[in-house]
Amino acid sequence: SEKLQVCKDNITEKGEEQVVNRLFFDYERYVHWFDEMGGPPDHRIEQGLDKRTYHRLIVLTASLISRLDELVLINEKGMETMEHHTELVAKQALTYSTVLLALAILSASILSFILSSRMSGPLLRLTRTLAATKVGSGDYPEIPVGSKDESGFLAAEFNTLFQRLEAADEMS
């Protein structure tokens, strides 16, 4: 009876309440039958049962077993449904995680490209300008100093170097 009450207190599946109520009803009939028999079941069974009483015992027992089977079936179906739902949620979470990871990698790649272009762009322009400059030609370019960072400092230093080379060329 306590275990049946636990079932009743934890009904979660559709149709489960009706089965539990029928199970309670059958159990009450079962207990009442034993009370009518006048003693504990083991003592009465040892003394022997007539065919009608035995038949009633079998019918009540079969009814209880049938209701328990129904209850187990309902809960197994509920568990299968929840397992399927859990699998769907897990697949969806995996899909979302994969998409987020791909977006993070793509964003990091784009950001990396933009930052490396901003950093290497001035150095590439400086390198091209220096490659086109010939020592002793007297034609030294003025490299634009576009920023106050390391590349701007480097451009300013090359401008100073070119001014000294130009001065040296004029002296010779």
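Notes on the structure follow. Computed from a predicted structure; not experimentally measured. Numbering of residues begins from 1 in every chain and follows the order in which that chain's sequence is written. The model is predicted, so local features are restricted to residues of pLDDT at least 70 and side-chain atom pairs to those at 80 or more, both for listing and for counting; the totals for chains, interfaces and linings are taken over all residues. Side-chain measures were taken over the full set of non-hydrogen atoms in the model, leaving aside hydrogen atoms and water.

**Overview of the overall build of the protein**
Helix and strand counts for the protein come out as five helices and zero strands. Each helix is a run of H or I in the DSSP string that is no shorter than four residues. Each strand is a run of E no shorter than two, and both are numbered from the N terminus. Reading the protein from its N terminus to its C terminus gives the helix and strand order α-α-α-α-α. Our radius of gyration is a C-alpha quantity, and the globule rule it is checked against amounts to 2.2 Å times the number of residues to the power 0.38. Computed over C-alpha atoms, the radius of gyration of the protein comes to 45 Å, more than 25% over the 16 Å expected from 2.2 N^0.38 for 172 residues, which places it beyond the range of a compact globule. Contacts are assigned to residue pairs that have any heavy atoms within 4.5 Å of one another. Contacts in the protein between residues far apart in sequence, at least 24 positions, make up 52% of those at least 6 positions apart. Shrake-Rupley sampling with a 1.4 Å probe provides the accessible areas, and residues are treated as covered by the protein chains on show and by no other component. Looking at the protein as shown, the accessible area adds up to about 13,400 Å², and 61% of this sits on carbon and sulfur atoms. On the protein, the mean spot of the 18 positive side-chain charges and the mean spot of the 26 negative ones are 6 Å from each other. Charge convention: Lys and Arg are scored as positive, Asp and Glu as negative, and His as well as the terminal groups of each chain are ignored. For this purpose, a charge sits on NZ of Lys, CZ of Arg, CG of Asp or CD of Glu.

**Observations concerning the pattern of salt bridges**
Any carboxyl oxygen of Asp or Glu within 4 Å of a side-chain nitrogen of Lys or Arg constitutes a salt bridge here. Summed over the entire model, instances satisfying the criterion amount to four salt bridges. With its nearest N and O atoms 3.3 Å apart, the salt bridge here joins Arg-22 to Glu-70. Here Arg-22 is found in helix H2 (residues 16–37), whereas its partner Glu-70 is found in helix H4 (residues 51–132), with 48 residues between them in sequence. Accessibility expressed as a relative area gives 34% for Arg-22, which makes it partly exposed. Of the charged contacts in the structure, one is a salt bridge between Glu-70 and Arg-67, with a shortest N-O distance of 3.3 Å. Placement of the pair is Glu-70 and Arg-67 together in helix H4, with a separation of three residues, close to one helical turn. The cut-offs for exposure are 20% and 50% of the maximum accessible area for each residue type, with area from a 1.4 Å probe on protein chains only; residues under the lower value are buried, those over the upper are exposed, and the others partly exposed.

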